[in-house]
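Next come the chains, spelled out residue by residue.
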Number of protein chains: 2
Amino acid sequence: MTEVAAFVPGHVTGFFTIHRDDDPTKTGSRGGGLALSDGVTVTVRPAEETSVRLNDVPIEMDAVETVLSTLQATARVDAETPLPVGSGFGVSGGMALGTALAANQAFDRRLSENELLTIAHGAEVQADTGLGDVVAQARGGVPIRLEPGGPQDNLLDGIPARPRIEYHTLGELSTEDVISGDTDLLTQAGKRSLSRVVKEPTMDSFMRASRQFAREAELLTPEIRDVILDVTEADGQASMAMLGKTVFALGTGLSDAGYDPVVCEIDAAGARLDR
Amino acid sequence: MTEVAAFVPGHVTGFFTIHRDDDPTKTGSRGGGLALSDGVTVTVRPAEETSVRLNDVPIEMDAVETVLSTLQATARVDAETPLPVGSGFGVSGGMALGTALAANQAFDRRLSENELLTIAHGAEVQADTGLGDVVAQARGGVPIRLEPGGPQDNLLDGIPARPRIEYHTLGELSTEDVISGDTDLLTQAGKRSLSRVVKEPTMDSFMRASRQFAREAELLTPEIRDVILDVTEADGQASMAMLGKTVFALGTGLSDAGYDPVVCEIDAAGARLDR
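Everything numeric here is computed off the predicted structure, so don't read it as measured data. (Residues numbered from 1 in each chain as written. Chains lettered and ligands numbered in written order. Predicted model: local features only at pLDDT ≥ 70, side-chain atom pairs only at ≥ 80, totals over all residues. Heavy atoms only, no water.)

Draft legend 1. Region of the structure containing the environment of T13 of chain B. Looking at the element boundaries, T13 of chain B is found in strand β1 (residues 4-16). Not counting residues up to four positions away in its chain, the partners in contact with T13 of chain B are G32, G33, D133, R145, M240, A241, M242 and F248 of chain B. (Helix = DSSP H or I, 4+ residues; strand = E, 2+ residues; numbered from the N terminus. Contact = heavy atoms within 4.5 Å.)

Below, the structure is given as structure tokens:
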């Protein structure tokens with residue numbers, strides 16, 4: 001038993017719905033997002049007791065601990081990421097999924113990709129830290145989640161595109177606060193945006209559907225709206241990362257509007273063991 | 001409208017079944033294989049009349065022409081690959097899928113990834129050049145095809161592993177001759193190998209299941225069997241690429257046995273537009 005590392009892309013969600021079920025692996029969301037080349041690298045080492053670190057800082061992370069206990073693994077987990085935490089990039093989902101992939105290998109648990117994905121998705125749902133990031137992060141590309149839940153229940157498609165992506169983060173937002181409140185308005189808005197993208201699966205339509213969702217679900221804060229408007233006035237396309245105080249844009253949208261964004265790409269591969 | 005390129009990984013099949021349906025998009029195979037970093041790059045340019053070239057040589061390729069006519073696209077298609085043709089690497093499937101992805105973008109057809117995959121899979125089935133390569137090439141990794149057909153019907157899983165792969169090709173074998181003959185024996189053997197890998201989704205079990213299939217389906221030629229035995233005697237794992245006179249091995253299996261193989265990796269991403 002040795003140390004094993006896995007990489008999981010970041011994931012910004014443009015629009016989503018919420019679907020609850022008694023079974024956490026059937027709970028989830030429909031929606032659309034972007035898998036990013038900026039992601040989370042998770043290293044798992046068998047250890048005397050379980051501990052979790054994020055960028056060298058010890059943290060409590062329920063989803064990671066659930067994954068480890070499901071795999072009957074006691075390990076030290078080290079996650080490294082350039083992504084801002086709590087800002088809508090799926091860092092918690094990435095840590096859960098990366099832990100599942102790496103621990104399966106380190107402890108020779110012999111599970112399939114779907115089995116590991118089911119475990120990580122269920123753990124993230126139980127921890128109330130996300131509903132759709134894990135399945136999107138496993139797939140990569142520009143995932144469209146047509147049906148909710150883990151791999152035994154869901155249905156995925158994708159937009160065939162690999163644009164350059166820019167992002168700019170203004171601060172944190174708690175996923176748990178939003179998804180555990182009244183979510184009817186949000187789910188209705190999510191369904192409308194999803195229909196729009198299913199009808200026309202292009203990046204242009206994705207960005208418009210994302211802005212429509214942010215507005216209709218009443219999740220836009222004034223400062224985020226201002227940044228999006230700045231990009232629009234510079235002839236760019238931007239929207240809000242769900243759920244974080246983050247604006248993401250296609251191409252050079254934020255740069256053209258005078259911001260100093262982080263630049264990355266679409267990650268086509270999805271979650272994978274390091275070679 | 002401009003020139004667009006797409007990359008599709010090669011795919012060697014270790015074991016498979018055959019499932020026929022009146023609808024080509026429901027026809028396909030179950031089985032397991034490896035998506036390879038050696039693949040096919042397909043460039044599509046709008047043109048006055050359709051033409052297809054493979055490594056600069058004009059060829060007839062029904063699957064590519066079916067894809068173009070479905071997309072109502074008249075184009076020059078140029079495919080480049082380091083892979084040996086007709087040797088079990090899914091070059092025809094790669095050309096069909098790469099053409100679908102690139103033509104969708106070049107002609108602004110606004111289809112989703114699943115729609116393009118359905119078109120390419122159906123075209124490959126109609127041309128009798130393959131049954132499962134296209135869906136595996138779209139996914140990437142080490143795809144396990146649990147249910148046959150295009151993305152609306154099939155069910156995929158994967159082995160979470162990224163071994164180094166070596167291959168050695170002895171000559172060509174016609175896919176059409178094998179899959180249009182009596183295939184009961186083959187399908188029974190394929191089901192047994194698939195069960196084995198579902199029970200234990202590891203690379204070791206995949207290689208054993210592949211050798212079992214080659215033997216039970218009576219597809220091994222004496223010269224391929226000799227190469228596989230050489231690898232086994234050098235403590236390696238090898239099997240036969242379905243359908244070609246090709247031996248593939250994990251790690252340094254063929255090198256250790258004294259061969260001079262081509263070396264590549266698992267392609268985790270699957271088919272994608274070039275950036």
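Draft legend 2. Representation of the sheet that holds strand β11 (residues 262-265) of chain A in the model. Residues and elements named next belong to chain A. Taken together, the four strands give an open sheet; going across it, the order is β9-β10-β8-β11, and neighbouring strands pair in antiparallel fashion. For this open sheet the edge positions go to β9 (238-240) and β11, each flanked by a neighbour on one side alone. Sheet twist, expressed as the mean angle between neighbouring strand axes with direction ignored, is 30 degrees. Where strand β8 (residues 164-171) and β11 come together, four bridges link them in antiparallel fashion. Within β11, the position partnered with E166 by the bridge is V263. On top of the sheet, helix α8 (residues 222-233) reaches β8, β9 and β10 (245-250); it is set at about 15 degrees to β10, its chief contact. (Pairing = 2+ DSSP bridges. Axes fitted to C-alpha atoms, helices over the stretch in contact; angles between N-to-C directions.)

Draft legend 3. Looking closely at the confidence of the model for chain A. Residues at a pLDDT of 70 or more form 99% of chain A, whose mean pLDDT is 95. Model confidence for the complex is summarised by a pTM of 0.96, with the ipTM given as 0.95. (pLDDT = per-residue confidence, 0-100.)

Draft legend 4. Fine view of the UniProt feature "domain: GHMP kinase N-terminal" (unreviewed entry) in chain A. Taking the UniProt record as the reference, the feature "domain: GHMP kinase N-terminal" (unreviewed entry) is found at residues 67-141 of chain A. As a span, residues 67-141 of chain A carries 55% helix and 8% strand, and end to end its C-alpha atoms are 25 Å apart. (UniProt positions renumbered as here; feature names shortened; annotations may be inferred.)

Draft legend 5. Broad picture of the sheet that holds strand β9 (residues 238-240) of chain B. All names here are of chain B. The strand order across the open sheet built from four strands is β9-β10-β8-β11, with neighbouring strands paired in antiparallel fashion. Of all strands in the sheet, those bounded by a partner on one side alone are β9 and β11 (262-265). This sheet shows a mean twist of 30 degrees between the axes of neighbouring strands, independent of strand direction. Each of β8 (164-171), β9 and β10 (245-250) is contacted by helix α8 (residues 222-233), which is oriented at about 15 degrees to β10, the strand it contacts most.

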